[in-house]
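Architecture and fold: a report
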Amino acid sequence: MGVLFESFLLEFLVVLGAIFAWLYYYFTSHFNYWRDKGVPYLKPVPFFGNLMEIGLHRKTQAEGFRELYHKLDGHMFGGIFQTRIPMIMFRDPDLIKHVLIKDFSHFHDRGMPHDVENDPISANLVILEGKPWKNLRLTLNPAFNSSKMRILFHLVKECAEDLCRYLDTFAQDGESVDLRDVLARYATDNISSCAFGVKSNSLKNPHSKFREMGEKIIAPGSWTNMHRLFRYTCPSLLKYFNIKSFSDEVTGFFVNVVKETLEYREKNNIERKDFLNLLIQLKKKIDINENDDEEDKNVDDDLEKIDTEENFSFEEHSKTMKNGVADTKTGHMRENDYALGQNDHVTPKRKWLDSVVFDENMIAAQVCVFFLGGFETAATSMSFCLYELSLNQDVQRRLREEIDHVLKEHKGHFTYNALEHMEYLDHVVAETLRMYPSLPNLIRVCTKPYTIPGTNVHIEKGTPVIIPIYAIHRDPLYYSDPDRFDPERFTDYNKEKRPPYTYLPFGEGPRICIGLRFGLMQVKMGLAILISRFQFDICEKSAVPLVMDPKKFVMNTTGGLWLKMTPRTQ
Ligand code: HEM
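Conventions adopted
- Residues numbered from 1 in each chain as written.
- Predicted model: local features only at pLDDT ≥ 70, side-chain atom pairs only at ≥ 80, totals over all residues.
- UniProt positions renumbered as here; feature names shortened; annotations may be inferred.
- Helix = DSSP H or I, 4+ residues; strand = E, 2+ residues; numbered from the N terminus.
- Contact = placed C-beta atoms within 7 Å.
- Buried ≥ 20, exposed ≤ 12 C-beta atoms within 10 Å, placed from the backbone.
- Pairing = 2+ DSSP bridges.
- Near = placed C-beta within 6 Å.
- Axes fitted to C-alpha atoms, helices over the stretch in contact; angles between N-to-C directions.
- Parallel < 35°, antiparallel > 145°, perpendicular 65-115°, else oblique.
- Nonpolar A, V, L, I, M, F, W, Y, C, P; charged D, E, K, R; others polar.
- Expected span 1.5 Å × (residues − 1).
- Arc of directions from axis to C-beta.
- pLDDT = per-residue confidence, 0-100.
- Left-handed = near helix turned anticlockwise from the far one by under 90°.

In the nomenclature of an unreviewed UniProt entry, the chain corresponds to Cytochrome P450 6k1 from the organism Cryptotermes secundus. UniProt, in its Cofactor (unreviewed entry) section for the chain, records the words "heme".

Following this line, the structure appears as structure tokens:
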């Protein structure tokens with residue numbers, strides 16, 4: 001018996017040793033990759049690569065990548081390892097311009113594994129790649145243009161007024177409020193109204209189903225995190241284990257809401273001016289770009305000409321490229337940023353629209369990603385802004401003065417035009433997004449072999465690329481005293497002084513955030529109405545400095561964000 005046990009133990013240890021040796025080999029076998037290419041790189045550790053602090057949630061993504069960014073100071077780019085996978089960090093603004101715009105045809109995807117057949121909700125704009133992404137983007141772009149925003153404005157304003165009514169009782173009592181939570185509910189109401197055409201009532205009912213689903217999507221340890229873990233370590237296992245972008249419960253909920261709303265609208269012949277209505281038009285093969293202004297059509301024309309095919313010779317087709325920065329007000333490139341195919345007369349959108357099955361699943365996939373993209377980003381941006389305004393009372397006063405002044409000029413009404421005229425509000429929001437960009441990094445994957453301009457470094461197809469926007473936004477090279485909140489950085493004069501591509505809260509290029517205008521509209525509308533009615537201050541419950549949550553993907557705090565509210569006195 002003893003001998004049997006010993007030999008079993010021995011065999012067990014040998015097998016265990018072999019498994020460990022294989023795992024060690026599997027996780028370290030690429031570690032000479034960057035050295036062999038002559039690329040400056042950071043020394044990785046087995047199993048984690050360079051992301052141990054982030055992987056173990058000891059640091060936030062923002063701070064973790066900021067540290068890696070500074071370890072590569074003096075280099076335009078550098079190699080790092082995401083567990084075992086070599087990835088490249090682009091640090092230099094000019095190189096960033098190449099990746100996001102000039103050489104977009106080499107970097108048009110994010111490299112997120114997806115399986116449209118088994119996981120229909122993954123057929124969304126964030127995840128899709130190549131031609132399917134381009135065609136979908138072309139089709140959806142008009143849903144976010146300025147004329148559509150004007151139509152949606154009244155829905156956003158309605159939610160902002162509900163928010164004020166809800167917060168008024170707290171302000172009257174001078175209570176401290178967890179604004180992180182309240183604003184997440186405001187943003188949930190907003191996006192469910194504009195995207196799903198449903199009143200979610202999350203402000204009044206914190207346990208509403210929409211709020212519950214929103215929490216499930218972002219909660220640490222959730223399905224999404226599991227998806228992310230496999231994506232980083234072994235993407236092929238995602239398909240093998242049939243791990244979907246969202247849990248069946250979340251997917252089922254969103255698909256059902258869409259189905260029920262579609263049926264209800266059809267049966268009752270209801271047409272509500274929201275995103276869902278635009279998607280219904282696409283289902284009916286109606287081009288939603290018709291009747292839109294010329295400016296919006298030009299952006300689409302540019303995008304139509306970008307080739308996402310293999311072997312596309314970008315140089316052959318390109319016009320002169322100029323420096324360009326996305327205008328955060330309009331979301332349009334200021335200059336001719338996309339290289340245009342001169343001989344390219346094909347307009348694939350119409351063809352695609354005719355051929356694609358824009359069914360309930362497809363619609364659900366889009367509104368689901370609008371929901372995901374819209375509620376967390378807006379809620380956190382607004383709460384960070386109110387926190388900074390509480391710390392910087394002079395800025396809060398000046399902002400209130402501007403809002404009063406502009407409102408007077410617009411007969412006391414918050415209108416789309418009134419918001420557009422609030423220039424200081426624009427600076428305040430821009431500075432908030434500089435200090436707290438919702439996504440601390442932009443992700444791309446190299447889609448065809450690339451030589452880094454001015455070097456003989458070749459990037460292989462499939463290499464993930466990271467652009468550390470938080471680190472750049474907080475780099476003293478571009479922003480002096482970068483941890484200080486100073487909206488003056490965003491006057492035209494000061495903006496001109498900075499190199500382009502050093503401010504990227506919405507990304508840049510053809511894959512720039514599609515919801516930029518909608519996001520800014522709901523953030524600005526919410527802030528303007530709150531500042532016009534209430535005074536915000538730091539209170540005992542406020543964490544100063546803020547404590548950020550390392551488990552969250554979108555920049556967020558731990559333990560909420562508490563501030564004291566009172567009615568404004570002057
Ligand atoms: C303050 C608000 C927001 C911020 C800071 C933000 C930020 C971002 C960023 C950084 C990206 C990546 C861009 C890139 O890779 O170059 C992105 C992409 C995206 N965002 Fe937003 N976003 C916001 C609001 C919204 C809203 C309201 C929606 C939808 C209604 C939305 C939908 C999307 C989608 C669909 C993409 C993927 C676009 C594509 O790949 O073509 N976002 N966003």
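We are not done yet, so read on.
1. As for the overall build of the chain
Counting its secondary structure elements, the chain contains 23 helices and nine strands. Contacts in the chain between residues far apart in sequence, at least 24 positions, make up 73% of those at least 6 positions apart.

2. A few points about the pairing of strand E1 (residues 77-82)
Burial runs high along E1: five of the six residues are buried. Two strands pair when backbone bridges link them, and E1 and strand E2 (residues 85-90) are joined in this way by six bridges, in the antiparallel orientation. In the sheet register, Ile 80 faces E2, and the bridge partner there is Met 87.

3. Things to note about the environment of Gln 535
Mapped onto the elements of the fold, Gln 535 is located in strand E8 (residues 534-537). The buried category is assigned to Gln 535, around which 20 C-beta atoms lie within 10 Å. When the C-alpha atoms of Gln 535 and Val 99 are compared, they prove to be 43 Å apart, with 436 residues separating the residues in sequence. Excluding residues that lie within four positions of it along the chain, Gln 535 makes contacts with Thr 566, Arg 568 and Thr 569.

4. What about the site of the ligand?
Around the ligand, 26 residues are found, and the nearest of them are Gly 373, Gly 507, Cys 513, Gly 515 and Gly 519. Elements with a contribution of two residues or more to the shell around the ligand: helix H17 (360-391) and helix H23 (516-533). If you tally residues by element for the shell around the ligand, the top one is H17, at seven residues.

5. Some words on unusual backbone geometry
Geometrically, the link from Val 544 to Pro 545 is a cis peptide bond, its omega value of -5 degrees lying close to zero. For Pro 545, the position within the fold is in the loop between E8 and strand E9 (562-567). In this model, Lys 411 sits at a positive phi of 55 degrees, which is unusual for a non-glycine residue. Within the secondary structure, Lys 411 sits in the loop between helix H18 (393-409) and helix H19 (416-420).

6. Here we look at the sheet that holds E9
The strand order E3-E9-E8 describes an open sheet built from three strands, whose pairing is antiparallel. Strands with a single pairing partner mark the edges of an open sheet, and in this sheet they are strand E3 (176-178) and E8. Between one strand and the next, the sheet's axes are offset by a mean angle of 40 degrees, whatever the strand orientation. With three bridges connecting them, E3 and E9 associate as antiparallel partners. Opposite Val 177, over in E9, you have Leu 563 as the bridge partner. Its contacts with the sheet place helix H8 (residues 179-196) against E3 and E9, and it is angled at close to 55 degrees to E3.

7. A word on the packing of H17 against helix H20 (residues 423-435)
It is at 9 Å that the axes of H17 and H20 come closest, and there the two elements cross at 105 degrees. The angle between H17 and H20 places the two elements in the roughly perpendicular class. Residues Ser 381, Phe 384, Cys 385 and Glu 388 of H17 form the contact with H20, whose participating residues are Val 428, Val 429, Thr 432 and Leu 433. Of the residues assigned to the contact of H17 with H20, the class counts are five nonpolar, two polar and one charged.

8. Describing H18
Residues that lie three or four places apart on an α-helix share one face, since the helix turns once every 3.6 residues. An ideal rise of 1.5 Å per residue puts 24 Å on 17 residues; H18 measures up with 25 Å between its terminal C-alpha atoms. Among all positions in H18, only Val 395, Gln 396, Leu 399, Arg 400, Glu 402, Ile 403 and Val 406 are buried. In a view along the axis of H18, the buried residues occupy a sector of 160 degrees, so they form one face of it. Projecting away from the buried face of H18 at angles above 90 degrees are the exposed residues Asp 394, Glu 401, His 405, Lys 408 and Glu 409. Where H18 is buried, its residues contact H17, H19, H20, H23 and E8.

9. Brief notes about the UniProt feature "transmembrane region" (unreviewed entry) in the chain
Under the UniProt annotation, "transmembrane region" (unreviewed entry) lies at residues 7-27. End-to-end, the C-alpha atoms of residues 7-27 are 30 Å apart, and along that stretch the chain is 100% helix and 0% strand.

10. What about the confidence of the model for the chain?
Across the chain, the average pLDDT comes to 83, with 82% of residues at 70 or higher. A low-confidence stretch, residues 309-346 stays under pLDDT 50, and its non-local contacts, those more than four residues away or across chains, total 57 contacts. Two numbers describe this predicted complex: its pTM, 0.87, and its ipTM, 0.99.

11. Points about the sheet that holds E1
Here we have four strands laid out as an open sheet, ordered E1-E2-E7-E4, and mixed in their pairing. Strands at the two margins of the open sheet, each flanked by one partner only, are E1 and strand E4 (442-445). Strand after strand, the sheet turns through a mean of 30 degrees between neighbouring axes, direction not considered. Both E4 and strand E7 (residues 464-467) contribute to a ladder of four bridges, which runs antiparallel. Looking at the pairing, Arg 444 lines up with Val 465 of E7.

12. Examining the UniProt feature "binding site: heme" (unreviewed entry) in the chain
As annotated in UniProt, the feature "binding site: heme" (unreviewed entry) corresponds to Cys 513 in the numbering used here. On the secondary structure map, Cys 513 appears in the loop between helix H22 (492-497) and H23. Judged by C-beta crowding, with 21 C-beta atoms within 10 Å, Cys 513 ranks as buried. When residues no more than four places from it in sequence are discounted, the contact partners of Cys 513 are Phe 506, Gly 507 and Gly 519.

13. Re the packing of H8 against H17
At a minimum axis distance of 8 Å, the contact between H8 and H17 shows a crossing angle of 145 degrees. In this structure, H8 meets H17 at a crossing whose hand is right-handed. On H17, the residues that touch Leu 179, Arg 180, Leu 183, Ala 184, Tyr 186, Ala 187, Thr 188, Ile 191, Ala 195 and Phe 196 of H8 are Val 367, Phe 370, Phe 371, Gly 374, Phe 375, Ala 378, Ala 379, Met 382, Ser 383 and Leu 386. Looking at the contact of H8 with H17, its residues break down into 16 nonpolar, three polar and one charged.

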